[in-house]
Amino acid sequence: MAEDLTPQPSRPPRLPRRRGSVAIIVLVLAALIAVLAVTLGDATLVFYEVDEAVEERPELLASRFRVVGTPLPGLVETRLDGEAAVVFTFCASGVFADVAHVGDPAELFQPGVPVVLQGSWQAGSPPGLASLPAAANDGWFLRTDHMVVKHDNDYRTDEERTADIDACGVTG
Amino acid sequence: MNASLGALFVALGLAASLLGVFSLVRGLATGDERFLWRVRWFVAAVLVAAVGQFAVMERALITRDFTVAFVAEHGSHRTPALFNFATLWSALEGSILLWVLILAGYVGMVTWRFRQRLNDKMVAWALLVLLLVCVFFFLLLAGPAFPFAKFSPWAGYDGPGPNPLLQNHLLMAFHPPVLYLGYVGFTVPFAFALASLITGRLGEGWLLETRRWTLIAWGCLSVGILLGAWWSYEVLGWGGYWAWDPVENASLLPWLTGTAYLHSVMVQERRGMLRVWNLSLLCATFALTILGTFLTRSGVIESVHTFTESGIGPMFLAFFALIVVVTVGLIAWRGDVLRAEGRIDAVASRTGAFLVNNLLFAGFAFVVLLGTLYPLLVEAANGDRISVGNPYFERMTMPIGFMLLFLMAMAPLCRGAGRGPRCSLVVCGGRRLAGSWSCWLVWGWGCVVGRPPWRLVWPGLLPAGRCAR
């Protein structure tokens, strides 16, 4: 049988299948990394001690951050913008900051037990500030809406807690 | 007396672990089986030392022996009996004591289980790895986490007692030990994984041998995490069961990789596939328990739930690095032998579903690990102290969680390895999906109208039930 020697139209070269799959995987991975980076950036909060938060106040303004501190004696339950709130004062290294925490505080929340709060600086004075024994009353307060009680094995006796409070010039 | 006796037990434990290691090394190097059989005596000595030091510390706590510095710092006459007992694991040095007790228990059980096969090289290598881990923890106890330091109490001295926040719930007595049973339990399958890599016996035999150990560890870790979530929900006010705190994440990470392993190991048992993946998951699970312990005890990460800062951080970090280097090196060395025998037929098969499930679990673990370590990386880079909030974890893990739920419903419907009808993914999957959605809708409607939801939920189950039949 004679061989058919009629010229055939050449097939367009096809990309190897594997190369296409790799390209798709790379694209998906790149998209995932982008989503991760953006979400991570959005959810990141700077962490401050109370005195650092006061010091950085001009830069922080309305930005949200995390702050750790120990509430001084004297908690005032009040309402802020129509929501239940508790107002108290933080003290660290002799620096005071007033706090208005909106929402229910954690069950173990009490003076002398360190807490971590999330919120931002707000100009003005929260209601009930006059009732606090050692309010900073400097025209700013921390408006926070998320609270967790520190639950580590840092053993602080009642006497040590009282001493901490005394160091801030407040009678526990 | 308690301080001296405790120190003696620590020394005994360290010496016995080291001698056990030397005995095994000599036996493996020379082929003299007497040295391999002899290891049981060293393991017995390790067990005696671990039980002894734990008992001595408990005795010191119960009798309020303030000549032991640990009791002076953490004990008190005012602490109720149950919490006084639990004081041991409420502080760093005591928690390492508990860890060692559980580790010694596991090593003892492995030795007992394989008591007729101590001359088997695989068992010998596994015991060698286990005893090396014991050496590390006894070194911690003898060094930076020494719990039996002496103290000279003055007349009428009473310690401060544990943090009041650790004395407010019964779970303080149960959550940490159960969690540790899980953490430490993963040492056993890890040891066998390394042994299989070293001996080159990379078949599926060792998987079957260690399956029960893995399940026990995974079960305990699961229960421990659940107890912790329950505790935090009840009393801590962390805003629910889970707050994505670094310490919580530290327990979740090995659970995620352990869960992935438990799924993918079935594929290896049945089809001889995913060997490298399984070994990597197992080693990652153990490495993550060590990394979690480092994060919890070194003070490098700001958490509401850590032990106090201590000098054990660098040792844990070095141990973690050693584990990673050794396991990666061994897997690379055995790369050729680990090549899979079979192939995945189709993505829409049960094997394919297992693989996707594993990728999702690995992705989940990566997302949590990144969010947990990101503050460390940022602080190392520019000195800023930051924390990653819940929105990151929720946004990134929720889609993965839903995909896992979807797969849980789908995988049983997919055809198994080379048998049965073709996957009826579309028909049955659609029905099952409709069933689960109708369950939720009916449940929600029941809550809204105030009727008992279980009376309304049955219709939602029907499509899924029909499909399963």
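Described in the following lines is the structure provided in the data block. None of these values were measured; they are calculated from a predicted model.

### Things to note about the overall build of chain B
Here comes step 1: In terms of regular secondary structure, chain B is built from 17 helices and 1 strand.
Here comes step 2: Split into buried and exposed, the 469 residues of chain B put 55% on the buried side.
Here comes step 3: Element-wise, carbon and sulfur atoms account for 68% of the exposed surface of chain B, whose accessible area totals about 20,300 Å².

### What to know about the overall build of chain A
Here comes step 1: Looking only at helices and strands, chain A has 4 helices and 7 strands in total.
Here comes step 2: Put simply, chain A runs from its N terminus to its C terminus through helices and strands in the order α-β-α-α-β-β-β-β-β-β-α.
Here comes step 3: In chain A, buried positions account for 40% of the 172 residues.
Here comes step 4: Across chain A, every contact between residues at least 6 apart in sequence was considered, and the portion connecting residues at least 24 apart equals 61%.
Here comes step 5: On chain A, roughly 9,900 Å² of surface is accessible, and the fraction owed to carbon and sulfur atoms is 55%.

### Examining the sheet that holds strand 5 (residues 95-102) of chain A
Here comes step 1: The strand order across the open sheet formed by 8 strands is 3(A)-4(A)-5(A)-7(A)-6(A)-2(A)-1(A)-1(B), and the pairing between neighbours is mixed. Each edge of the open sheet is held by one strand with a lone partner, namely strand 3 (76-80) of chain A together with strand 1 (386-388) of chain B. Averaged over all neighbouring strand pairs, the angle between strand axes comes to 40°, with direction disregarded.
Here comes step 2: Sheet strands touched by helix 13 (residues 350-382) of chain B: strand 1 (44-49) of chain A together with strand 1 of chain B. Its angle to strand 1 of chain B, the strand with the most contacts, is close to 165°.

### Overview of the packing of aromatic side chains
Here comes step 1: Scanning all chains against the criterion turns up 24 aromatic pairs over all chains.
Here comes step 2: With centroids separated by 6.1 Å and ring planes inclined at 85°, the aromatic side chains of B:Trp242 and B:Trp244 adopt a geometry described as edge-to-face.
Here comes step 3: Ring pairs connect the aromatic residues B:Trp99, B:Phe136, B:Phe137, B:Tyr180, B:Tyr183, B:Phe316 and B:Phe319, which therefore count as one cluster.
Here comes step 4: For A:Arg57, the ring lying beneath its charged end belongs to A:Trp121, and the centroid distance is 4.6 Å.

### Some thoughts on the pairing of strand 3 of chain A
All names here are of chain A.
Here comes step 1: The alternating pattern of strand 3 places Val76, Thr78 and Leu80 on a buried face, while none of Glu77 and Arg79, on the opposite face, is buried.
Here comes step 2: In terms of strand pairing, strand 3 meets strand 4 (residues 83-92) through 5 bridges, oriented antiparallel. Within strand 4, the position partnered with Leu80 by the bridge is Glu83.
Here comes step 3: Two successive antiparallel strands, strand 3 and strand 4, enclose a turn made up of 2 residues, where Asp81 displays a positive phi of approximately 50°.

### Notes on helix 2 (residues 33-62) of chain B
Here comes step 1: Helix length check: helix 2 of chain B (30 residues) gives 45 Å between terminal C-alpha atoms against 44 Å at 1.5 Å per residue, within 8%.
Here comes step 2: Positive backbone phi, approximately 50°, marks B:Arg64, located one or two places after helix 2 of chain B.

### Section: unusual backbone geometry
Here comes step 1: Look at A:Asp81: it is not a glycine, yet its phi comes out positive at around 50°.
Here comes step 2: With respect to the secondary-structure elements, A:Asp81 resides in the loop between strand 3 and strand 4.
Here comes step 3: For A:Asp81, a relative accessible area of 61% corresponds to the exposed category.
Here comes step 4: Here the phi dihedral of B:Trp244 falls at roughly 55°; this positive angle occurs in a residue that is not glycine.
Here comes step 5: Among the structural elements, B:Trp244 can be located in the loop between helix 9 (205-236) and helix 10 (246-271).

### Structural notes on a nonpolar patch on the surface
Residue and element names in this part refer to chain A.
Here comes step 1: Taken together, Ile24, Ile25, Val28, Leu29, Leu32 and Ile33 make up a surface patch of nonpolar side chains, about 580 Å² in accessible area.
Here comes step 2: Within the element layout of this structure, Leu32 appears in helix 1 (residues 17-43).
Here comes step 3: Residue Leu32 is classed as partly exposed on the basis of its relative accessible area, which comes to 47%.

### Description of the packing of helix 13 of chain B against helix 14 (residues 390-410) of chain B
All names here are of chain B.
Here comes step 1: Close contact between helix 13 and helix 14 brings their axes to 10 Å; oriented N to C, the two are set at 165°. Between helix 13 and helix 14, the crossing angle belongs to the class labelled roughly antiparallel. Between helix 13 and helix 14 lies a crossing of left-handed hand. Together, Ala353, Val356, Asn357, Leu360, Phe361, Gly363, Phe364, Val367, Val368, Leu370, Gly371 and Thr372 of helix 13 and Tyr392, Phe393, Met396, Thr397, Ile400, Met403, Leu404 and Leu407 of helix 14 make up the contact between the two elements.
Here comes step 2: The residue makeup of the contact of helix 13 with helix 14, split by class, is 15 nonpolar, 5 polar and no charged.

### A word on the nonpolar core
Here comes step 1: The biggest cluster of nonpolar side chains holds 134 residues, and the ones touching the most others in it are B:Met57, B:Ile96, B:Leu127, B:Phe137, B:Trp206, B:Phe316 and B:Tyr392.
Here comes step 2: When residues in this core are grouped by element, the largest group, 17 residues, is from helix 6 (residues 121-142) of chain B.
Here comes step 3: With residues near it in sequence (within four places) discarded, B:Phe316 still touches B:Ile96, B:Phe136, B:Phe137, B:Leu140, B:Ile290, B:Thr293 and B:Phe294.
Here comes step 4: Membership of the second largest hydrophobic core comes to 24 residues, among which are A:Tyr48, A:Phe65, A:Trp121 and A:Leu142.

### What to know about the pattern of salt bridges
Here comes step 1: Evaluated as defined, the whole model comprises 10 salt bridges over all chains.
Here comes step 2: Among the salt bridges present, the one from A:Asp138 reaches A:Arg57, with a minimum N-O distance of 3.2 Å. Linking A:Asp138 in the loop between strand 6 (115-123) and strand 7 (140-149) with A:Arg57 in helix 3 (residues 57-60), this pair joins segments that are 81 residues apart in sequence.
Here comes step 3: Among the residues examined, A:Asp138 registers a relative accessible area of 32% and is labelled partly exposed.
Here comes step 4: In this structure, A:Arg143 and A:Glu83 form a salt bridge, with 4.0 Å as the shortest nitrogen-oxygen distance. With A:Arg143 in strand 7 and A:Glu83 in strand 4, the pair connects residues that are 60 residues apart, well separated along the chain.
Here comes step 5: For A:Glu83, a relative accessible area of 41% translates into the label partly exposed.
Here comes step 6: Three or more residues joined by partner-sharing salt bridges are found here, namely A:Glu49, A:Glu52 and B:Arg385.

### Examining the state of the cysteines
Residue and element names in this part refer to chain B.
Here comes step 1: The final tally for this structure, using the stated rule, is 0 disulfides over all chains.
Here comes step 2: The cysteine Cys220 is free of any disulfide, with Cys134 supplying the nearest cysteine sulfur at 18 Å.
Here comes step 3: Exposure remark for Cys220: the relative accessible area of 16% places this residue in the buried category.
Here comes step 4: Here Cys283 is not cross-linked by a disulfide; its sulfur's nearest cysteine counterpart is in Cys134, at 18 Å.
Here comes step 5: Residue Cys283 is classed as buried on the basis of its relative accessible area, which comes to 3%.

Parameters and conventions
- Sequence positions are assigned chain by chain, starting from 1 and proceeding in written order.
- The naming scheme follows written order: chains are lettered A onward, ligands numbered 1 onward.
- For a predicted model such as this one, the threshold for reporting local features is a pLDDT of at least 70, and the threshold for listing and counting side-chain atom pairs is 80 or more; totals across whole chains, interfaces and linings nevertheless cover every residue.
- The basis for every side-chain value is the complete set of non-hydrogen atoms in the structure, without hydrogens or water.
- A helix here means a DSSP run of H or I that spans at least four residues, while a strand means a run of E at least two residues long, and both kinds are numbered starting from the N terminus.
- For each residue, the accessible area found with a 1.4 Å probe, counting protein chains only, is set against the maximum for its type, and the residue is called buried under 20%, exposed over 50%, and partly exposed in between.
- Where accessible areas are quoted, they stem from the Shrake-Rupley method and a 1.4 Å probe; at the residue level, only the protein chains shown are allowed to cover.
- By definition in these notes, contact holds between two residues if any of their heavy atoms fall within 4.5 Å.
- Pairing between strands is defined by DSSP: at least two bridges between the two strands are required.
- Each axis is a line fitted through C-alpha atoms, and for a helix only the stretch in contact is used; angles between axes span 0 to 180 degrees, taken between their N-to-C directions.
- Two rings from Phe, Tyr or Trp (for Trp, the six-membered ring) form a pair when their centres are within 6.5 Å of each other. A pair whose planes differ by under 30 degrees is stacked, one over 60 is edge-to-face, and the rest are tilted.
- Two conditions define a charge sitting above a ring: the NZ of Lys or the CZ of Arg must be within 6 Å of the ring centre, and it must be within 35 degrees of the ring normal.
- Any helix carries an expected span of 1.5 Å times its number of residues minus one.
- For patch building, the residue pool is restricted to those with more than 30% relative accessible area and no salt bridge; the joining distance is 9 Å between like charges and 5 Å between nonpolar side chains (Val, Leu, Ile, Met, Phe, Trp, Tyr).
- Here, a salt bridge means any Lys or Arg side-chain nitrogen found within 4 Å of an Asp or Glu carboxyl oxygen.
- Every angle not falling under 35 degrees, over 145, or within 65 to 115 is termed oblique; those three ranges are roughly parallel, roughly antiparallel and roughly perpendicular.
- By the definition used in this description, the sense in which the near helix is turned from the far one sets the handedness, with an anticlockwise turn below a right angle giving left-handed and a clockwise turn giving right-handed.
- In this count, Pro and Cys sit with the nonpolar residues alongside Ala, Val, Leu, Ile, Met, Phe, Trp and Tyr, while Asp, Glu, Lys and Arg are called charged and the others, Gly among them, polar.
- By nonpolar core we mean a set of buried residues, namely Ala, Val, Leu, Ile, Met, Phe, Trp, Tyr and Cys, connected to one another through side-chain atoms within 4.5 Å.
- In this description, a disulfide is simply a cysteine sulfur pair whose atoms lie within 2.5 Å.

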